Amino acid sequence: MEGENNELLLANQLCFPLYAASKALVRRYDELLAPLGLTYTQYIVMLAMWELGEATVNQIGEMVCLDSGTLSPLLNKLTSKGFLEKKVGEDKRSRLIALTSEGEALREEARQARAKVACGLNLSEEEAKTLYRLCYKTLQGC
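Residues numbered from 1 in each chain as written. Predicted model: local features only at pLDDT ≥ 70, side-chain atom pairs only at ≥ 80, totals over all residues. Heavy atoms only, no water.

Observations concerning the nonpolar core
Ranked by size, the top nonpolar core spans 26 residues in total, and within it Leu-38, Val-45, Met-46, Ile-60 and Leu-84 carry the most contacts. Looking at this core element by element, the count peaks at six residues for helix H2 (residues 40-52). Among all residues touching Leu-38, those that are not within four sequence positions of it are Leu-33, Tyr-43, Met-46, Leu-78, Lys-81, Phe-83 and Leu-106. (Core = buried A, V, L, I, M, F, W, Y, C linked by side-chain atoms within 4.5 Å. Buried < 20%, exposed > 50% of the residue type's maximum accessible area, 1.4 Å probe, protein only. Helix = DSSP H or I, 4+ residues; strand = E, 2+ residues; numbered from the N terminus. Contact = heavy atoms within 4.5 Å.)

In structure tokens form, the structure reads like this:
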């Protein structure tokens, strides 16, 4: 091993701290979202819906970077919980997903969970902004 290139050492990998930090962050969100009846992935979909109000499955999928095979069961679960509803689109062939009043009411509770997560990040506001910017930069072109 001596004299070998260190490029494959775990400590030299960008992917590992990103993966581990992401896992820890999702775990923290899951703890705070459980009382709201949401998983982290359901929360991501709800964030999109709070922003969009109403959208097609494809629009939601593009926004949250999920394929329809993953997204459809999530939307069904959120619909069964009363947070979303399915509607027929204007052309009668398309389906729209819309936020319900129960889903809208959940927004304030979710805002409190987000604030608690932000407090536990151990980053200054400037560091958090830099991390955010760099993460989105890595997503460009994907």
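What follows continues from the structure just given.
Quick word on the side chain of Thr-100
Here Thr-100 shows up in the loop between strand E3 (95-99) and helix H5 (101-119). There is a polar contact of 3.1 Å between the side chain of Thr-100 and the backbone oxygen of Phe-83. Engagement of the side chain of Thr-100 in a polar contact is seen with the backbone nitrogen of Gly-103, the distance being 3.0 Å. Once residues within four sequence positions are removed from consideration, Thr-100 is found in contact with Gly-82, Phe-83, Leu-84 and Glu-85. (Polar contact = N/O pair within 3.5 Å; in protein donor to acceptor, adjacent residues only side chain to side chain.)

Here's the deal with the packing of aromatic side chains
Per the counting criterion, the structure on display carries four aromatic pairs. An angle of 45° between the planes, with centres 6.4 Å apart, marks the rings of Tyr-40 and Tyr-43 as tilted. You can see Tyr-40 and its partner Tyr-43 sitting in helix H2, three residues apart, about one turn around the helix. Overall, Tyr-40 belongs to the partly exposed group, its relative accessible area being 23%. One aromatic cluster in this structure is built from Tyr-29, Tyr-40 and Tyr-43. (Phe/Tyr/Trp six-rings, centres within 6.5 Å; stacked < 30°, edge-to-face > 60°.)

These figures capture arrangement, not role.
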